[in-house]
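So the chains spell out like this:
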Amino acid sequence: MLQLNELTKRYKTGELALKGVTLEIPKGQVLALIGPSGAGKSTLIRCVNRLVQPTSGSVALKGKELTKLSSSALRRARRKMGMIFQEYALVERLTVMENVLSGRLGYVGFWRSYFRKFPRADVQEAYRLLDRVGLKEMADKRADELSGGQRQRVGICRALIQNPDLLLVDEPTASLDPKTSRQIMRLIQELCSERGLTAIINIHDVFLAQMFSQRVVGLELGSVVYDGKPEGLTPEVLTRIYGEEDWSATIKSTDEDDDNEEELQS
Amino acid sequence: MTDSLEAPNYASSWKKAPFIKNRFVRWLIIVGGAIYLSAALGTMNIDLDRVKEGLPRAQRFLDAFFPPNFADNRGVLWDGIAESIWMAIISTVAGIALSIPIGLGAARNLAPAWVYLFCRSVIAASRTFPEIILAIFAVKLFGFGPFAGFVALSLGTIGFYAKLLAEDIENTSASQAEAVKATGANWFQWVNYSIQPQVMPRMIGLSIYRLDINFRESAVVGIVGGGGIGATLNTSFSRYEFDTTAAILLIIILIVMFMEYTSSFTRKWVQ
């Protein structure tokens with residue numbers, strides 16, 4: 001489904017952010033990408049949709065090479081890759097509905113989007129998604145009136161309305177409290193399994209990575225140092241990724257903490 | 001507050017480090033600045049006798065101003081005001097229309113380097129010439145009358161509005177812009193959805209402020225032949241009709257105050 005081959009990125013400052021990363025991600029897999037700050041996690045997912053232009057190597061989505069696309073072909077390819085951001089990255093002065101519908105910009109013409117006259121099917125899908133994440137009543141609120149967890153759910157709707165094949169998720173819980181973090185991660189996981197979506201989730205929190213993913217890739221200084229099941233994250237592995245620390249408290253059995261949180265749709 | 005006896009002896013006085021570390025440089029700037037200021041004041045040649053002579057003249061001037069006479073030249077006065085108002089409005093609209101593409105091009109995060117440099121040069125050129133110089137040029141090119149004033153004020157607006165627009169665009173949140181770009185939006189959609197909402201409130205406030213400036217400047221460009229209330233003002237001055245001059249000045253002050261109030265009200269409302 002998604003293949004990265006010897007992906008390398010060197011920034012203009014000379015910093016080598018990715019050192020020949022090779023990964024293959026099958027359809028429907030939710031992959032957690034962990035690693036310390038500066039390990040290249042954000043760079044990696046931005047190289048996939050080319051918000052960052054990779055220096056060398058290849059990225060192929062469904063067999064289609066992305067690194068050499070012309071700008072209009074790139075826009076078409078980006079429609080199939082939904083992205084969810086750290087700090088939500090909603091356009092704060094736009095309404096919730098406009099933010100969700102902005103996920104359809106790649107599909108509609110300029111004047112249609114300028115006058116906010118989106119096709120009926122898009123509007124309907126936007127309402128359906130907002131209802132799914134429990135925000136149907138918020139459609140006309142301005143994005144900056146929402147709480148952190150609500151904003152991230154709008155961010156999720158914006159990504160999903162693109163009808164993507166792939167979700168790129170960059171630190172979705174970085175500014176959320178522990179409970180909301182879990183709710184958001186669970187929501188992403190559920191939506192991925194409902195729609196058979198492939199996802200790469202950058203995440204700081206090792207524990208959340210273990211709870212909500214099928215595969216964990218550890219990145220350190222731009223290289224893959226771990227690639228395997230969440231259960232395989234032993235203290236030795238974490239030391240290899242993050243450096244020496246007492247890891248005994250981080251690695252708990254996952255079901256111990258998987259308590260009875262209420263469902264998201266309230 | 002008795003700490004254990006082994007506690008190290010901490011200093012009890014603290015002073016903020018000076019802004020300029022080097023003591024010599026610091027005093028050089030202070031003393032040098034003081035000397036220069038006093039020397040500059042000295043060369044200005046302030047003559048108290050001349051000030052003394054001037055005061056009664058000022059008195060006579062003020063006497064001539066009062067009471068302001070709104071009646072005698074009512075026709076030309078209101079014509080001038082009306083002309084100034086429409087000159088200010090259309091030059092603001094035209095100036096902003098020209099400023100938007102230039103401002104977009106002059107924002108480093110939107111435009112490639114060569115577009116950026118070109119647009120910045122246009123802005124710099126517009127800012128170099130004050131409205132009165134632009135007006136003198138325009139009067140030479142197009143002759144006396146409000147059209148010359150309109151051209152001068154429109155060009156003047158570019159240097160102000162495009163520069164502030166570009167700077168506001170450069171201060172927008174990069175993550176919001178990135179998020180809209182990631183959806184596959186084209187450039188125009190991207191600007192419309194991620195940049196415009198972020199800069200709009202400030203730009204609305206600034207356009208009202210610019211309308212205010214253009215109205216005041218219309219009095220200035222009128223003096224050099226650009227039409228509007230400035231022309232009326234100039235005529236009343238050269239005819240020694242100071243009571244009419246006073247009436248005109250009062251009207252200008254009232255209109256500017258009204259716009260001041262409108263602009264602060266609008267800025268609060270669009271936030």
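The rules behind each value
Residues numbered from 1 in each chain as written. Chains lettered and ligands numbered in written order. Predicted model: local features only at pLDDT ≥ 70, side-chain atom pairs only at ≥ 80, totals over all residues. Helix = DSSP H or I, 4+ residues; strand = E, 2+ residues; numbered from the N terminus. Rg over C-alpha atoms; globule rule 2.2 N^0.38 Å. Buried ≥ 20, exposed ≤ 12 C-beta atoms within 10 Å, placed from the backbone. Contact = placed C-beta atoms within 7 Å. Nonpolar A, V, L, I, M, F, W, Y, C, P; charged D, E, K, R; others polar. Pairing = 2+ DSSP bridges. Axes fitted to C-alpha atoms, helices over the stretch in contact; angles between N-to-C directions. Expected span 1.5 Å × (residues − 1). Core = buried A, V, L, I, M, F, W, Y, C linked by C-beta atoms within 7 Å.

S.K.: How would you explain the overall build of chain B if you had to name every residue and give the values?
M.R.: Scanning chain B from terminus to terminus reveals 10 helices and zero strands. The linear arrangement of helices and strands in chain B, starting from the amino end, is α-α-α-α-α-α-α-α-α-α. A globule of 271 residues ought to have a C-alpha radius of gyration of about 18 Å, yet chain B, at 27 Å, is considerably larger. Viewed in the frame of its principal axes, chain B has a C-alpha envelope of about 90 × 65 × 40 Å. By residue count, 33% of the 271 residues in chain B fall in the buried class. Within chain B, residue pairs in contact and separated by at least 24 positions form 72% of the contacts whose partners lie at least 6 positions apart.

S.K.: Please set out the overall build of chain A residue by residue, giving values where relevant.
M.R.: Helices and strands together make up the secondary structure of chain A, namely 10 helices and 10 strands. At 19 Å, chain A has a C-alpha radius of gyration in line with the 18 Å of a compact globule built from 266 residues. Its C-alpha atoms give chain A principal-axis dimensions of roughly 55 × 50 × 30 Å. The buried share of chain A, taken over its 266 residues, is 43%.

S.K.: Give me the interface of chain B and chain A: which residues, what numbers.
M.R.: Each partner contributes residues to the interface: chain B has 18 residues there, and chain A has 21 residues. Sorting the residues of the side of chain B that touches chain A by element identifies helix 7 (174-181) and helix 8 (187-226) of chain B as the ones contributing at least two each. Looking at the side of chain B that touches chain A element by element, the count peaks at seven residues for helix 8 of chain B. Tallied by class, the residues present in the side of chain B that touches chain A amount to seven nonpolar, nine polar and two charged.

S.K.: Hey, could you go over the sheet that holds strand 9 (residues 215-220) of chain A for me, with residue numbers and the actual values?
M.R.: All names here are of chain A. Spatially, 6-7-8-3-9-10 is the arrangement adopted by the six strands of the open sheet, whose pairing is mixed. The sheet is open, and its two borders are formed by strand 6 (81-84) and strand 10 (223-228), each paired with just one other strand. Strand-to-strand, the axes of this sheet are offset by a mean angle of 20°, without reference to chain direction. In this sheet, strand 9 lies alongside strand 3 (residues 30-34) in parallel orientation, the contact comprising four bridges. Across the sheet, the residue bridging to A32 is V216, located in strand 9. Sitting on the sheet, helix 9 (residues 235-242) is in contact with strand 3, strand 9 and strand 10, with an inclination near 155° to strand 10.

S.K.: An account of the packing of helix 3 (residues 74-105) of chain B against helix 9 (residues 229-238) of chain B is needed here, citing residue identities and associated values.
M.R.: All names here are of chain B. Running from N to C, helix 3 and helix 9 point in directions that differ by 145°, and their axes come no closer than 7 Å. Of the residues in helix 9, those in contact with V76, L77, G80, I81 and S84 of helix 3 are I229, A231 and T232. Of the residues contributing to the contact of helix 3 with helix 9, the split by class is five nonpolar, three polar and no charged.

S.K.: Break down helix 2 (residues 48-65) of chain B for me, with residues and values.
M.R.: The end-to-end C-alpha separation of helix 2 of chain B is 26 Å, in line with the 26 Å expected for 18 residues at 1.5 Å each. Among the 18 residues in helix 2 of chain B, zero count as buried, and that is only a small part of the element.

S.K.: An account of the pairing of strand 2 (residues 16-25) of chain A is needed here, citing residue identities and associated values.
M.R.: All names here are of chain A. Here strand 1 (residues 2-10) pairs with strand 2 via six bridges, running antiparallel. The residue bridging L7 from the neighbouring strand is V21, located in strand 2. In textbook terms, the turn of a hairpin is the stretch between consecutive antiparallel strands, and for strand 1 and strand 2 this stretch comprises five residues, one of which, G14, has a positive phi near 95°.

S.K.: Please provide a residue-by-residue account of the sheet that holds strand 5 (residues 64-65) of chain A, values included.
M.R.: Residues and elements named next belong to chain A. In space, the four strands of this open sheet follow the order 2-1-4-5, with antiparallel pairing throughout. Lying at the two open borders of the sheet, with one neighbouring strand each, are strand 2 and strand 5. The pairing of strand 1 with strand 4 (residues 56-61) spans five bridges and is classified as antiparallel. Following the sheet pairing, L2 is matched in strand 4 by L61.

S.K.: I'd like a description of the nonpolar core, backed by residues and values.
M.R.: Counting 114 residues, the largest nonpolar core has V100 and A199 of chain A as its most contacted members. When residues of this core are assigned to their parent elements, the largest contribution, 13 residues, is made by helix 6 (residues 146-170) of chain B. Apart from the residues lying within four places of it in its own chain, the contact partners of A199 of chain A are V30, L31, L167, V169, I188 and C192 of chain A.

S.K.: Account for the environment of E92 of chain A, naming residues and giving values.
M.R.: Residue and element names in this part refer to chain A. As for its position among the elements, E92 is in the loop between strand 6 and helix 3 (96-101). Take E92: there are 17 C-beta atoms within 10 Å of it, and that puts it in the partly exposed class. Sequence separation between E92 and S175 is 83 residues, and the spatial gap between their C-alpha atoms is 16 Å. Excluding residues within four positions of it along the chain, E92 makes contact with A143 and D144.

Everything listed is a geometric property; what it means functionally is a separate question.
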